[in-house]
Amino acid sequence: MQGRLRGCRRVKGLLNLKECNQEEFISSWSNLYLDAFEENYVSRINKKQFSEEDIKELFVWKAQHKLFRTHTKFVDNVIAKLSIVNELKNSFDEARFEEEFGSEAAIWQIFLKHIIQPQQFPIFDQHTYRAFMFVEKGEILELPKNNKKKLNIYQEEYQPFFNQFNCSNKKKIDEALVAFGEFLKAYGELVVGKIARL
């Protein structure tokens, strides 16, 4: 019984960042992150300059390996401005980014910022948002549909939350939050209710 209780406390702790240390949370959840096409991301993200193929493959990775017509239009726009993307990669300027890409969908803007400056701009999507909301509020919430709200949440709330993690490997933090958010989507209501009763 003692071993089972210890195991339950460990699971409960991994569901609540306030009950376990950051290192354990990141290590445990990032180990559950799986992506068969991860090499498409890893082999390109730290390049000093992107090629058209790099941009396409990074967005294919983000779109979970299939670009739809609306995605293709955005990617074509980014490729058409490849020299600007590479300039921003060398020296990021928020006003210039906003001028060139500010009318695009929020999640695509954020991912473009991420690939331009991966250490400065974490990945943000439905899964990382769900994980963030659960850690901060103990609730399973979905990302608002409104683009302006998404951008505000990212800049005002999510980036400060992400930056509180004391880990130099930003990708591991992303992986942990994505895996945790996916877990919450699949099993959250069921597991969270049971864990709360332990």
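These figures come from a predicted structure and were not determined experimentally.

Parameters and conventions
Residues numbered from 1 in each chain as written. Predicted model: local features only at pLDDT ≥ 70, side-chain atom pairs only at ≥ 80, totals over all residues. Heavy atoms only, no water. Helix = DSSP H or I, 4+ residues; strand = E, 2+ residues; numbered from the N terminus. Contact = heavy atoms within 4.5 Å. Areas by Shrake-Rupley, 256 points an atom, 1.4 Å probe, with all protein chains shown as cover. Expected span 1.5 Å × (residues − 1). Bend = angle between axes of the 7 residues up to and from the residue. Buried < 20%, exposed > 50% of the residue type's maximum accessible area, 1.4 Å probe, protein only. Polar contact = N/O pair within 3.5 Å; in protein donor to acceptor, adjacent residues only side chain to side chain. Phe/Tyr/Trp six-rings, centres within 6.5 Å; stacked < 30°, edge-to-face > 60°. Lys NZ or Arg CZ within 6 Å of the ring centre and 35° of its normal. Axes fitted to C-alpha atoms, helices over the stretch in contact; angles between N-to-C directions. Parallel < 35°, antiparallel > 145°, perpendicular 65-115°, else oblique. Left-handed = near helix turned anticlockwise from the far one by under 90°. Nonpolar A, V, L, I, M, F, W, Y, C, P; charged D, E, K, R; others polar. Salt bridge = Lys/Arg side-chain N within 4 Å of Asp/Glu carboxyl O.

Chemist: Explain the overall build of the chain to me, please; I cannot follow it from the model alone.
Modeler: Looking only at helices and strands, one finds eleven helices and zero strands in the chain. Counting only contacts in the chain whose residues sit at least 6 apart along the sequence, the fraction spanning at least 24 positions is 63%. Here the chain has roughly 11000 Å² of accessible surface; of this, 49% comes from carbon and sulfur atoms.

Chemist: Would you mind showing me how to read helix α10 (residues 147-163) here?
Modeler: It helps to recall that an α-helix has 3.6 residues per turn; residues three or four apart then point in one direction. Between the first and last C-alpha of α10 there are 22 Å, a value that for 17 residues agrees with the 24 Å anticipated at 1.5 Å per step. For α10, the principal kink sits at Tyr-154 and spans about 40°. The set of residues buried in α10 consists of Lys-150, Leu-151, Ile-153, Tyr-154, Tyr-158, Gln-159, Phe-161 and Phe-162.

Chemist: Just to check I follow, could you spell out the environment of Ser-43 for this structure?
Modeler: By the element assignment, Ser-43 lies in the loop between α3 (38-42) and α4 (52-62). Note on Ser-43: relative accessible area 36%, which makes it partly exposed. At 2.7 Å, the side chain of Ser-43 forms a polar contact with the backbone oxygen of Glu-39.

Chemist: Please clarify how the side chain of Arg-44 should be interpreted in this entry.
Modeler: Examined against the element boundaries, Arg-44 turns out to sit in the loop between α3 and α4. Side chain to side chain, Arg-44 and Ser-43 meet in a polar contact 3.5 Å long.

Chemist: I keep staring at helix α9 (residues 126-137) and nothing clicks. Help me out?
Modeler: In this model, α9 (twelve residues) spans 16 Å end to end at C-alpha, consistent with the 16 Å of a helix rising 1.5 Å per residue. Taken across its twelve residues, α9 has nine buried, putting it largely inside the fold. If you check which residues of α9 are buried, you get His-127, Thr-128, Tyr-129, Arg-130, Ala-131, Phe-132, Met-133, Phe-134 and Val-135. Taking the backbone nitrogen of His-127 as reference, a side-chain oxygen 3.0 Å away marks Asp-125 as the first, capping residue of α9. Just past α9, the residue Gly-138 takes up positive phi, approximately 70°.

Chemist: Help me understand the packing of aromatic side chains, please; the structure alone is not making it clear to me.
Modeler: To describe a pair of aromatic rings, one takes the distance between the centres and the angle between the planes. The final tally for this structure, using the stated rule, is 26 aromatic pairs. Judged by centre distance (5.9 Å) and plane angle (45°), the rings of Tyr-158 and Phe-161 are tilted. Taken together, the positions of Tyr-158 and Phe-161, both in helix α10 and three residues apart, correspond to about one turn of that helix. Phe-161 shares its class with Tyr-158; the two are buried. One residue, Lys-81, lies across the ring of Phe-101, its end atom 5.4 Å from the ring centre. Taking the ring centre of Tyr-41 as reference, the NZ or CZ of Lys-171 above it sits at 4.9 Å.

Chemist: What should I look at first to understand the packing of α9 against α10 in this one?
Modeler: Each pair of packed helices gets described by two things: the angle between the helix axes and the distance between those axes. At a minimum axis separation of 11 Å, α9 and α10 run at an interaxial angle of 65°. Considering their axes alone, α9 and α10 lie roughly perpendicular with respect to each other. The crossing of α9 and α10 is left-handed. Contacts from Thr-128, Tyr-129, Phe-132, Met-133, Val-135 and Glu-136 in α9 reach Ile-153, Glu-157, Tyr-158 and Phe-161 in α10. Split into classes, the residues belonging to the contact of α9 with α10 amount to seven nonpolar, one polar and two charged.

Chemist: Help me out: how do you make sense of the pattern of salt bridges in this one?
Modeler: Oppositely charged side chains can form a pair if their charged atoms are brought close together. Following the criterion strictly, the structure yields eleven salt bridges and no others. Notably, a salt bridge pairs Glu-175 with Lys-171, separated by 3.2 Å at the nearest N-O pair. Highlighted residues: Glu-175 and Lys-171, both in helix α11 (residues 170-196), separated by four residues, approximately one helical turn. A single burial state applies to Glu-175 and to Lys-171, both of which are buried. Residues joined in a network through salt bridges with shared partners are Glu-38, Lys-171, Lys-172 and Glu-175.

Chemist: For this particular structure, what's the right way to read the environment of Trp-29?
Modeler: Structurally, the position occupied by Trp-29 is in helix α2 (residues 22-30). It is 8.9 Å that separates the C-alpha atoms of Trp-29 and Ile-173, two residues lying 144 residues apart in sequence.

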